[in-house]
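Listed below are the residues making up each chain.
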Amino acid sequence: MSTPSAPQERYASFEAFYPYYIHEHSNRTCRRIHVVGTGLVILAFGAFVATQNPWWLLAMPLIGYGFAWVGHFFFEKNRPATFKYPLWSLMGDFRLFFETVSGKRRF
């Protein structure tokens, strides 16, 4: 099986991008940190809905990117895909989270 690498041209779809996203999260600790960070982002959104305090909205990207970037810079030792693919990377974070909590992907 070949390892997906960054293409010379941009990915045409999220489905084409996702194997590359998963490859960039091959370190188990990095994946775990992403799952925890995404879970906390979801909780922060719930706190915003419950309290209507806009500070929770500001906390969401700090929590999400903070956890993800620690995972990449200290454990995965690569550059986060969000710099080149911000929307697809965010979608990948949530897909990884839901695959993990549903048991489809190992934690």
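Everything here concerns the structure above.
Residues numbered from 1 in each chain as written. Predicted model: local features only at pLDDT ≥ 70, side-chain atom pairs only at ≥ 80, totals over all residues. Heavy atoms only, no water.

S.K.: So what's going on with empty space enclosed by the protein? Residues and values would help.
M.R.: Summed over all chains, the structure comprises 1 cavity of 30 Å³ or more. By volume, the largest cavity amounts to about 30 Å³. R31, R32, V35, L96, T100, R105, R106 and F107 are the residues that line the largest cavity. For the lining of the largest cavity, the secondary structure elements donating two or more residues are α2 (28–51) and α4 (86–101). Ranked by residues supplied to the lining of the largest cavity, first place goes to α2 with 3 residues. Each residue belonging to the lining of the largest cavity can be placed in one class, and the counts come to 3 nonpolar, 1 polar and 4 charged. (1 Å grid on protein atoms, 1.4 Å probe; cavity = no way out; pocket = protein on both sides within 12 Å on 5 of 7 lines; lining within 4 Å. Points joined across faces, edges and corners; volume = space filled by probe spheres on them. Helix = DSSP H or I, 4+ residues; strand = E, 2+ residues; numbered from the N terminus. Nonpolar A, V, L, I, M, F, W, Y, C, P; charged D, E, K, R; others polar.)

S.K.: So what about the layout of surface pockets? Which residues, and what values?
M.R.: Volume-wise, the largest pocket comes out at about 300 Å³. Broken down by secondary-structure element, the contributors of at least two residues to the lining of the largest pocket are α2, α3 (55–76) and α4. Tallying contributions element by element places α3 first for the lining of the largest pocket, with 8 residues. Taken together, the residues that form the lining of the largest pocket break down as 14 nonpolar, 8 polar and 1 charged.

S.K.: For the environment of L43, give the residues involved together with the corresponding values.
M.R.: In this fold, L43 is placed in helix α2. With a relative accessible area of 59%, L43 lands in the exposed category. (Buried < 20%, exposed > 50% of the residue type's maximum accessible area, 1.4 Å probe, protein only.)

S.K.: Which residues make up the nonpolar core, and what values go with them?
M.R.: By size, the foremost hydrophobic cluster in this structure holds 13 residues, and its most contacted members are Y11, F17, Y18, Y21, W88 and L96. Looking at this core element by element, the count peaks at 6 residues for helix α1 (residues 14–23). (Core = buried A, V, L, I, M, F, W, Y, C linked by side-chain atoms within 4.5 Å.)

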